[in-house]
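Structural description and commentary
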Amino acid sequence: MMNISFKRLFFLLVSCIAANLQLYAQDKPILIFDTDFGGDADDLGALAMLNHFHNKDEMQLLGVMCWNLEKYAVSAIDAVNTHYGNPNIPIGRRLGEVHETPWNHSEFIAKDMVHDGTLKNVPDATELYRKLLSKSEDESVIVVAVGPLMNIKMLLDSEPDNYSKLSGRELVHRKVKEFVIMGGNFPMSENEWNFDGNMPGVTKYVLENLKLPITFSGAEVGASLKTGEVFNQLPKDSPLYLGFYHFSQYAPWMNHQFQGRIYDNATFDQTAVLYAVRNGLGHYWHKVENGVCVADEKGGNQWIVKEGSHHSYLVLDMEKQAMETELEKFMLGDF
């Protein structure tokens, strides 16, 4: 009897462990990151965070979609991923005319770090989105969009292909669990860059055609959080040092104060990544719900009360300095 009971107890414990491991595997966030990497250094900080979370097995980074058509943007993204040991994370690019913007920090990173990816040898973002989503479980993917939303619009408008017989709209609504969008100002704004992007009507179209949960981290959240100076202590060949240093020296809204070191700057995109991976409700922030973010044609938005809606936005609860320290910790991988 004792022997049988021990065996039963042993198998019960094994079953419980297996069930918990399965639950963890199901709950681990699976993310696609859509970024306008290269201008503001917050995209760089957010990508560093994603690599650290990915390496610590807190989430899976399925791919990175690049909105920015600056010549070195894709190369810099690949260089960052490679630096953190993830050279095989696929990258997609928005189709369009390539340009060079010297004050962007992408070239500074790409020319100093190892990479293979370029704007010429990575797939169209729509194709990569469809490939990744078609292979994913239903309602399993979180899309974190921290730039203008043209890649999302093109995905929604895409036709059936070799990857899936579903239209883009059908594919998104079957495979995506939630969109986390860094953009707008809440409860209202006349114009915000990610909702504008010199692409009139794109945000309005996307928000009207997504019938999925959307959590917004508005610009007002990241604007209040200043990070970056801590990277002065990093090795000078690290991507965070290279990117933030170049950004501090050349970005039009930063260069007036430059004296040979990295300066703190607003921390927009990192907030969206942190919510997508760790949620943090009741700790970092709370959500305002029961409303809809209505975007206009020119980059403005307003929050309209609507019971039972699928939109919400974040409001910071943690004391500002403590939150800045938290975000720097995640960018550095010190957790």
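In what follows, the accompanying structure is described. Throughout this description, residue numbers start from 1 for each chain and increase along the sequence as written. Only residues with pLDDT of 70 or above have their local features reported here, since the model is predicted, and side-chain atom pairs are shown and tallied only from 80 upward, although totals for entire chains, interfaces and linings are computed over all residues. Side-chain metrics rest on all non-hydrogen atoms present in the structure, leaving aside hydrogens and water.

Take helix H13 (residues 320-332) next. A run of DSSP states H or I qualifies as a helix once it reaches four residues; a run of E qualifies as a strand once it reaches two. Both are numbered from the N-terminal end. Residue count minus one, scaled by 1.5 Å, sets the expected span of a helix. The end-to-end C-alpha distance of H13 is 19 Å, a good match for the 18 Å that 13 residues give at a rise of 1.5 Å each. For H13, every residue scored as buried is listed here: Met323, Glu324, Glu326, Leu327, Glu328, Phe330 and Met331. Structurally, the start of H13 carries an N-cap: the backbone nitrogen of glutamine 321 is 3.1 Å from a side-chain oxygen of glutamate 319. Downstream of H13 by a residue or two, glycine 333 has a phi angle that is positive, lying close to 75°. Accessibility here uses a 1.4 Å probe with only protein chains present; expressed as a share of the type maximum, an area under 20% marks a residue as buried, one over 50% as exposed, and anything in between as partly exposed. Definition of a polar contact: a pair of N or O atoms within 3.5 Å, with one able to donate and the other able to accept a hydrogen when the atoms are protein atoms, and with sequence-neighbouring residues admitted only if both atoms are side-chain atoms.

Once that is clear, we can look at unusual backbone geometry. Following phenylalanine 186, the chain continues to proline 187 via a peptide bond in cis, the omega torsion being 15°. Within the secondary structure, proline 187 is located in the loop between strand E5 (176-182) and strand E6 (188-189). A positive phi angle, near 65°, is found at asparagine 279, a position not held by glycine.

A probe as big as a water molecule, rolled over the atoms, marks out the empty space that is left. Considered as a void within the structure, the largest pocket measures approximately 430 Å³ in volume. The wall of the largest pocket is formed by 25 residues, among which Asp36, Gly39, Asp40, Trp67 and Trp193 lie closest to the centre. Residue assignment for the lining of the largest pocket shows that the elements contributing at least two residues are helix H2 (42-55) and helix H8 (193-196). The calculated volume of the second largest pocket comes to roughly 270 Å³. Here a cavity is any set of points on a 1 Å grid over the protein atoms alone where a 1.4 Å probe fits but cannot get out, and a pocket is any open set with protein on both sides within 12 Å along at least 5 of 7 lines; a residue lines the site when it has an atom within 4 Å of a point. Taken together, 19 residues line the second largest pocket, and the ones lying closest to its centre are Lys28, Pro29, Ile30, Ser140 and Lys177. Secondary structure elements with two or more residues in the lining of the second largest pocket: helix H1 (2-27), strand E2 (60-66), E5 and helix H12 (269-278). Of the residues forming the lining of the second largest pocket, the biggest block, four residues, is contributed by H12. Residues belonging to the lining of the second largest pocket are distributed by class as follows: seven nonpolar, five polar and seven charged. Grid points are joined across faces, edges and corners, and a volume is the space filled by probe spheres set on the points. Residues are grouped as follows: Ala, Val, Leu, Ile, Met, Phe, Trp, Tyr, Cys and Pro are nonpolar; Asp, Glu, Lys and Arg are charged; every other residue, Gly included, is polar.

Geometric values such as these leave the question of function open.
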